[in-house]
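Spelled out, the chains give:
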Amino acid sequence: MSQLFFGRDDAETDLKDGLLRGAVFRPNYAYKAALQGRKSLIIGRKGSGKSAICRQLATLGGHSGSSILITPDDATGDEIRRFELQGVTADTAKSMIWRYVFAVHAARHLVTHARVAHGRRLPESVRTLRSFLKDSGEQGEAGLYDRLRRGVRGLQSANLSLKAFGVEAAFGVNGTSEGARAGHQLGVLEDGVAASFRELDCEGKHPPLLFLVDQLEEVWTAGPESHALVTGLLLAAKYATGYYHGGVRTALFLRSDIYDALNFGDADKFHSDEIRIEWTAEGLEDVALARAKASLGSGLTREQLWGGVFPASVYGEPVAEYLFRRSLPRPRDAIQFLNACQSVADERGGPSITEADVVGATEQFSRWKLDDLAKEYMVNHPFLRSLFALFENTGYIVMRSALADRFEAHREALHRAFPAYTESLTPQSIIDVLYGTSFLGVRRGSDVVYAGGTHTPPLPGEHEFHVHPCFRPALNLLASVDVPAFQYTLTRNSIVGHGGLLNIISGSDVGLAVDRDRRLFDDLVGACERLLRQLGRSGLPAAIGNDVHAQIGRVMAAAGTARRGRDEGEELDVDAHVLAASNYFDNLAAELARNGFADRYVTLRLADEARVLVRAVGGGTGRSDSSP
């Protein structure tokens, strides 16, 4: 057990000292599409494996040509956000600085590549690039930040070192905007790079240079400058791919919440470049098996993993289904859940993971993920953590009307805490946010669907929502709805009665009291049977119907047990028992209505049966009809 390990949480660390160093990378469709150049925008949730694909493409075993990895940090992000040019939009200005970065990286690559791969005297165009790099101070191993600083100064002041290209005159012509001057300078540089690709015939001799841009979430903020930063990158990548005649390809790795927040005019031109990373339970099982094999160094089979290393089932559910239904469909979550199970078992000192170990890890994992979800969307939805309070200690199924009522109780406090988001803090808007983050799923037909794939957001006519199983333990959502459990302790008296009434009954009347008690129990059991039949015709969600069925079944079982005890001579307070059941039916109806499940066939029948039982106790006569 101490050797079992499913890997690190992030691809960067996993490559250094984890399992991605070995043969555990699973080449999914997104990876293959990026490798073949059919897709250049790889989009996915945090933890979905974007960086793993990026790092694999950057290795010798990935893209067969040369690749350049670009990962901006806070400093470079600030530099790009502040970059602007008079006369052009923010998107265009940001695209220019990204084009400069691509052009300089390509020039550096071509100067080295021409000597190593083409094995002849450097063509004139390549020698020109070498001179430009020397004049610009770009020959050394400067980082991205320094390269950006030079590009920013050169483009804003029209003083890029373009002498090598035969351009000595300044671009600062009277009446020419900063944007136009920067565009002229950039065009000279890009023409020189394109000429080198053509003269070396790179397109016809080997795979293109691949630019990999990752970790853009590190420079993302909610402001318009960040939107322009990412939009400019998209525009620059598409421009470079087309301009360098097949010498360059790009692969941009974007978090889905960032990409979906973008709004720019040319967005429709990128749909064919997009691919979204989607994971199935079967795919995550493959990841788990490959990583378990790698850590144990054995030919572990699927059956040995899910039935030997792990228990075969948890609460009667196959263990793999239990695990992956309770985590969001992405490798990072799966790895963390599996490692949590291993840690609990290893700390216990057992030779394998038991059902109790998995159950113990479930609550810890749920707390992690609830906290992680709030942090994941901190930039776009800073109020998300505050919305979790709407669901604590209730049921995991919530109707639209009940959610609106809960929101109204917190509306003022939320608006006060997040004044910039008052328009986003409405019942419909929070449903959209909670669905988009996969916190809530929506009932459609017989299924509950969560965000991802081709599923559309909840429509106004959809009313039933489910909290994802991943987050239920952390919020103490133990049942489908907060149905009160029927609990009644049988009261035993020296003489059975209600309010001491039977203390004055003569011996000849005892038989009448016994008959009355039996009739009251029969009435209570009959009420339960009618309610259970009514549940089968109700419109309640299946999970809630099952929970209500179980509770009414408890009432009926308790009545049956008490009736048998009374028949055997036990002295019980029958009136109190029946009144407790009546009161429970009233409370159950009220709780269902409060949670938005005011099904008239159930809630009205519960209240009706409760009234009948009260009358039966008060008047001493039971219900004689047997209506269904």
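These numbers come from a predicted model, not from an experiment.

A. Layout of the overall build of the protein chain. Along its length, the protein chain carries 24 helices and 11 strands. A compact globule built from 628 residues should have a C-alpha radius of gyration of about 25 Å, whereas the protein chain, at 34 Å, is more than 25% larger. For the protein chain, the spread of C-alpha atoms along the three principal axes comes to 125 × 60 × 35 Å. Within the protein chain, the proportion of its 628 residues that are buried is 51%. Of the contacts formed within the protein chain by residues at least 6 apart in sequence, a portion of 74% connects residues at least 24 apart. As presented, the protein chain carries roughly 27,800 Å² of accessible surface, and 50% of it is formed by carbon and sulfur atoms. Where the 71 positive side-chain charges of the protein chain centre and where its 78 negative ones centre are 5 Å apart.

B. Layout of the sheet that holds strand E4 (residues 248-255). Spatial ordering of the open sheet is given by E2-E3-E4-E1-E5, a layout of five strands whose pairing is parallel. Of all strands in the sheet, those bounded by a partner on one side alone are strand E2 (67-70) and strand E5 (274-276). Ignoring which end each strand starts from, the neighbouring axes of this sheet average 20 degrees apart. Here strand E3 (residues 209-213) pairs with E4 via five bridges, running parallel. Residue Val213 lies in a different strand from E4, and its bridge partner there is Leu252. Contacts from helix H10 (residues 224-243) reach strand E1 (41-44), E3 and E4, with the element oriented near 160 degrees to E4.

C. Inspection of the layout of surface pockets at higher detail. Looking at the largest pocket, its volume works out to about 1,400 Å³. Every residue lining the largest pocket is counted, 46 residues in all, and those nearest its centre are Arg45, Ser438, Tyr450, Ala451 and Gly452. Within the residue set of the lining of the largest pocket, elements represented by two or more residues are E1, helix H11 (256-261), helix H14 (319-325), helix H19 (427-436) and strand E10 (447-449). Looking at the lining of the largest pocket residue by residue, the class counts come to 18 nonpolar, 17 polar and 11 charged. One number sums up the size of the second largest pocket: a volume of about 610 Å³. Taken together, the elements giving at least two residues each to the lining of the second largest pocket come down to helix H1 (11-17), helix H3 (50-58), helix H12 (281-296), helix H15 (331-348) and helix H16 (355-376). If you tally residues by element for the lining of the second largest pocket, the top one is H3, at four residues. Taken together, the residues that form the lining of the second largest pocket break down as 14 nonpolar, six polar and 15 charged.

D. Up close: the packing of helix H4 (residues 74-82) against helix H7 (residues 144-157). The geometry of H4 relative to H7 is characterised by a closest axis approach of 9 Å and an angle of 15 degrees between their N-to-C directions. One finds that H4 runs roughly parallel with respect to H7. Of the two possible hands of crossing, H4 and H7 adopt the one that is left-handed. Touching Ala75, Thr76, Glu79 and Ile80 of H4 are Leu144, Tyr145, Leu148, Arg149 and Val152, all from H7. Considered class by class, the residues forming the contact of H4 with H7 number six nonpolar, one polar and two charged.

E. Geometry of the pattern of salt bridges. This model, assessed by the stated rule, comprises 39 salt bridges. Among the ionic pairs, Arg147 bridges to Glu138, the shortest N-O distance being 2.8 Å. With a closest N to O distance of 3.5 Å, Asp266 and Lys269 form a salt bridge. Sharing partners across several salt bridges, the network here consists of Arg45, Arg330, Asp333, Lys369, Asp372 and Glu376.

F. Just the nonpolar core, in detail. Counting 119 residues, the largest nonpolar core has Trp306, Phe310, Leu323, Phe391, Phe439 and Phe585 as the members making the most contacts within it. Ranked by the residues each element gives to this core, the list is headed by helix H21 (residues 510-535), at nine residues. Setting aside chain neighbours within four positions, we find Phe310 in contact with Phe6, Leu305, Val319, Leu323, Leu338, Cys341, Ile353 and Val358. The next biggest cluster of nonpolar side chains, apart from the first, holds 63 residues, and it includes Ala106, Ala107, Phe132 and Val213.

G. Inspection of the confidence of the model for the protein chain at higher detail. On average, the protein chain scores 87 in pLDDT, and the residues at 70 or more come to 91%. Every residue in residues 620-628 scores below 50 in pLDDT, and together they form 23 contacts with partners more than four places removed in sequence or on other chains.

Analysis parameters
All residue numbers here refer to positions counted from 1 along the written sequence of the relevant chain. Two thresholds apply to this predicted model, a pLDDT of at least 70 for residue-level local features and 80 or more for giving and counting side-chain atom pairs, whereas whole-chain, interface and lining totals are computed over all residues. Think of the side-chain values as coming from all heavy atoms in the structure, minus any hydrogens and water. Segments assigned H or I by DSSP are reported as helices when at least four residues long, segments assigned E as strands when at least two residues long, and all are numbered from the N terminus. We compute the radius of gyration over the C-alpha atoms and compare it with the globule rule, which gives 2.2 Å times the number of residues raised to the power 0.38. For every residue, the accessible area obtained with a 1.4 Å probe (protein chains only) is divided by the maximum for its type, and the residue is called buried under 20%, exposed over 50%, and partly exposed between those limits. Whether two residues are in contact is decided by their heavy atoms: any pair within 4.5 Å suffices. Note on areas: Shrake-Rupley, 1.4 Å probe, and residue coverage restricted to the protein chains presented here. Neither His nor the chain termini are counted; the positive set is Lys and Arg, and the negative set is Asp and Glu. A charged residue contributes its charge at one atom only: NZ of Lys, CZ of Arg, CG of Asp or CD of Glu. Paired strands are those between which DSSP finds at least two bridges. Whenever a helix is involved, its axis is fitted only over the stretch in contact; in every case the axis is a line through C-alpha atoms, and angles between N-to-C directions fall within 0 to 180 degrees. For each structure, a 1 Å grid was placed over the protein atoms alone; sets of points admitting a 1.4 Å probe that cannot get out are labelled cavities, open sets with protein on both sides within 12 Å along at least five of seven lines are labelled pockets, and lining residues have an atom within 4 Å of a point. Grid points are joined across faces, edges and corners, and a volume is the space filled by probe spheres set on the points. Residue type decides the class: Asp, Glu, Lys and Arg count as charged, Ala, Val, Leu, Ile, Met, Phe, Trp, Tyr, Cys and Pro as nonpolar, and the leftover types, Gly among them, as polar. The cut-offs work like this: below 35 degrees is roughly parallel, past 145 is roughly antiparallel, 65 to 115 is roughly perpendicular, and the gaps in between are oblique. Helix crossings fall into two classes, left-handed where the near helix is turned counterclockwise from the far one by less than a right angle and right-handed where it is turned clockwise. By convention in these notes, a salt bridge is any Lys or Arg side-chain nitrogen within 4 Å of a carboxyl oxygen on Asp or Glu. By nonpolar core is meant a set of buried Ala, Val, Leu, Ile, Met, Phe, Trp, Tyr and Cys residues that side-chain atoms within 4.5 Å join together. In predicted models, pLDDT denotes the confidence assigned by the predictor to each residue on a 0 to 100 scale.

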